[in-house]
Every structure is written in structure tokens, then in C-alpha cells.
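Descriptive analysis of the structure
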Amino acid sequence: MRGLLAPLAGKNGWTLAEAAGDVTPIGMQRLLNAAAWDVDGVRDDARAYAVEHLGDADGVLVVDETGFLKKGVKSAGVQRQYSGTAGRIENCQLGVFCAYTSVKGRTLIDRELYLPKSWTGDRDRCRTAGVPDEVEFATKQVLAQRMLARALDAGVPARWVTADEAYGGDSKFRRWLERRRIGYVVAVPSNAPVVSLRGSWRADQIVADAPPEAWKRLSCGDGAKGPRLFDWAVATLPSVSEAGSGWRRWLLARRSLTRGTNGELEVAYYFCGAPAGTSDADLVRVAGARWAVEDCFQTAKTEVGLDQYQVRRYDAWYRHITLAMLAHTYLAVTAAISPKVLAAASFHSPSERSNVSWHT
């Protein structure tokens, strides 16, 4: 752990061993590949540590994935696949993560390694990489649900979940959130269908009909250059939620303030679900909270070597990633107890084609 927190040029078995005064990396390699310890127990302890210092009743759980570029074909889960980190198809592993963010700070609290069907369909290859026989194929959305369930069942104080299109565009994922009665603001593609008794329309068709007075200029939180300002519009949807009575669904649109290279204003779309009476400002705030996970990925890779491992085995991946998450949480907690950091961490609170009701 001291090695992961140290200012080393790289954080692999050799550099960590040298920092610890070892002649060879055998001890560090054994820790990740053979030593007997409860990696999920450490994950749970790290999550409890994060909640103790960063927990807030209005917290947000964020799910997202990140890529780990790899050479060869033996590292568990590796194949040529799209990596949002690289922005293209690369030979890589994909990890799905759950982050926790509140007014006190943000950190990673859970992780799952995505195993493509090319892996789970080849049990001999899986055994060689240390993948247990009982591990079967699971989509990234299902992996996200598992992590969210663990957090909610453990009592992590969170009222919201947010995610990008890869998760928000999956109706099964959204229905699962509603059955758990956890509020959500999730990105969806422009052609996401909005269904009512009068028919079905695309999200972008509905937003195109929004009256000018529906748009409000609000900040969804601070960025590196100050408040992140956009124009926002919120419409109440007529659909029935699986969460039952007292629950509502909304369509949220975010429009850029400047035109892109194509001369158009960029518009992003979100499906939202939460208890009736939820304010537009809350929906905007949660939409902005999704950037927290990107910050976590960047700082964890830069500061504690999240992506600097040299292991191939399935269990070793979980061990390195879990220890890096613990180191990252230590940094997040250390920052949270600084009054100067706390003062800067607060959020800036920012409102009829298919029978939707625009908030004006």
C-alpha cells in the first residue's frame, strides 16, 4: 500500500519490491497470485471506510467502465474490443466499476472484470487464467447491477444512480433500478423510445418540440474551469413506473452553449426516475455527478497505479485493482478532511408530441 501511494515512476511488482527494499519481486507477485487473503473482504472494508468519511444521505452511485490496454491473449478477459479510454478498438481488458460521490468527496467502491463470450465459452482457457468454473458470461449491465446491489444491501447512503448510454440505454437496467426504488438519471441515445398510450416517439423528437421557456441555464457542478453551465429542459413523461405509486419518470435534455464544428448545438438526453416531487435541480445535479467516475479513473491510474499491473490471472486482477481502490479511497478521505478541500467540493445546485409536460 505504501508503494501504491509512493511517487514511483511505475507501480508494478519490480518497482514496488524495490521501494519495499526487496531484492526480487517474488514477494509482491506472491501477494497477488498465491497468498491467502479475502479480496472481497478488503473490498467491503474499503467501501465501509469510504462511507464512514464520505457518506452522505444524498450520495450518488455511478457505474462506468474503463479499459486496460494489454498485449497478448493470455490475460483474463483480454481481446480486441472497444475501449472508451482509448476511443477505439484495442487489445484490452475492460473493468466495470462503481463509484460513490457526495458533497464530501468521491472514490471507487467496487469492481468487476468483464469476460467476453470468447472467454466464457472456452473453459480450458479460463482455467489457465484462473477463472473459476462457476463464472459465466454476464453483460456489463448485469455486472453493474451486481455492484449496485452490493452497495445498497450494505446500506451505502445513496439516493441516486447515474450512468452513460451503455447502461442507461438498457431498459432492463432501468427497470431493475425502479424495482429497487433507487432514483436514477441515466444517459440514453437520441433515438431512445418514449412510449405512451398515444404511441412511441424518439427522445430527440420530443425535445425538438420543447418551447423556448422550457430551457433553463444551470450548472451541474464544478469542473476544472469552474461551473459546468448548460441549458437544460425537463419533461414529465406519462409512462407508468415499475416502482409503483409515488414514482415519476422524466426526460431530461442538456444543450451546449456553443456550437460544435458542424454548426449545431450538442444535445444530450437522459431518462430519469425518482419519487414524485423531485426537483429539476436535483435531476441536473445527478446528471452532472456522472463525471465523478471519470475523475476517479484518472486519479486512480495516475496516482495509485490502477492500470499499471503486470498480472494475467483473473484473481490477481481483482487483488491489484482492490488494493489500488483502497489506496485511492485513502487519498479521497485525506482530501475530504482538509477544510480547504471541503470548501471547494460543494455542488452548485441548478426544470406536446407524446403527452409530456414541460417544466417552465
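One structure accompanies this document, and this report is about it. The structure displayed is predicted, hence computed values, not measured ones.

Turning next to the packing of helix α3 (residues 26-33) against helix α13 (residues 314-336). Two numbers describe how α3 lies on α13: the axes approach to 7 Å, and their chain directions differ by 105°. Here α13 runs roughly perpendicular to α3, going by the angle between their axes. Together, Arg30, Leu31, Leu32 and Asn33 of α3 and Asp315, Ala316, Arg319, His320 and Leu323 of α13 make up the contact between the two elements. Within the contact of α3 with α13, the residues separate by chemical class into 4 nonpolar, 2 polar and 3 charged.

Phi at arginine 181 is positive, roughly 55°, even though this residue is not glycine. Within the fold, arginine 181 resides in the loop between α9 (171-179) and β6 (183-188). Residue arginine 181 is classed as partly exposed on the basis of its relative accessible area of 42%.

So, about the packing of aromatic side chains. Evaluation of the coordinates by the stated rule reveals 12 aromatic pairs. Judged by centre distance (5.4 Å) and plane angle (75°), the ring pair of phenylalanine 97 and phenylalanine 297 falls under edge-to-face. In this pair, phenylalanine 97 is assigned in strand β3 (residues 88-102) and phenylalanine 297 in helix α12 (residues 291-303), connecting sequence segments 200 residues apart. Accessibility expressed as a relative area gives 0% for phenylalanine 97, which makes it buried. Where phenylalanine 230 meets tryptophan 232, the ring centres are 6.0 Å apart and the plane angle is 80°; that geometry is what we call edge-to-face. For phenylalanine 230, a relative accessible area of 16% translates into the label buried.

Basis of the calculations
- Residues numbered from 1 in each chain as written.
- Predicted model: local features only at pLDDT ≥ 70, side-chain atom pairs only at ≥ 80, totals over all residues.
- Heavy atoms only, no water.
- Axes fitted to C-alpha atoms, helices over the stretch in contact; angles between N-to-C directions.
- Helix = DSSP H or I, 4+ residues; strand = E, 2+ residues; numbered from the N terminus.
- Parallel < 35°, antiparallel > 145°, perpendicular 65-115°, else oblique.
- Contact = heavy atoms within 4.5 Å.
- Nonpolar A, V, L, I, M, F, W, Y, C, P; charged D, E, K, R; others polar.
- Buried < 20%, exposed > 50% of the residue type's maximum accessible area, 1.4 Å probe, protein only.
- Phe/Tyr/Trp six-rings, centres within 6.5 Å; stacked < 30°, edge-to-face > 60°.

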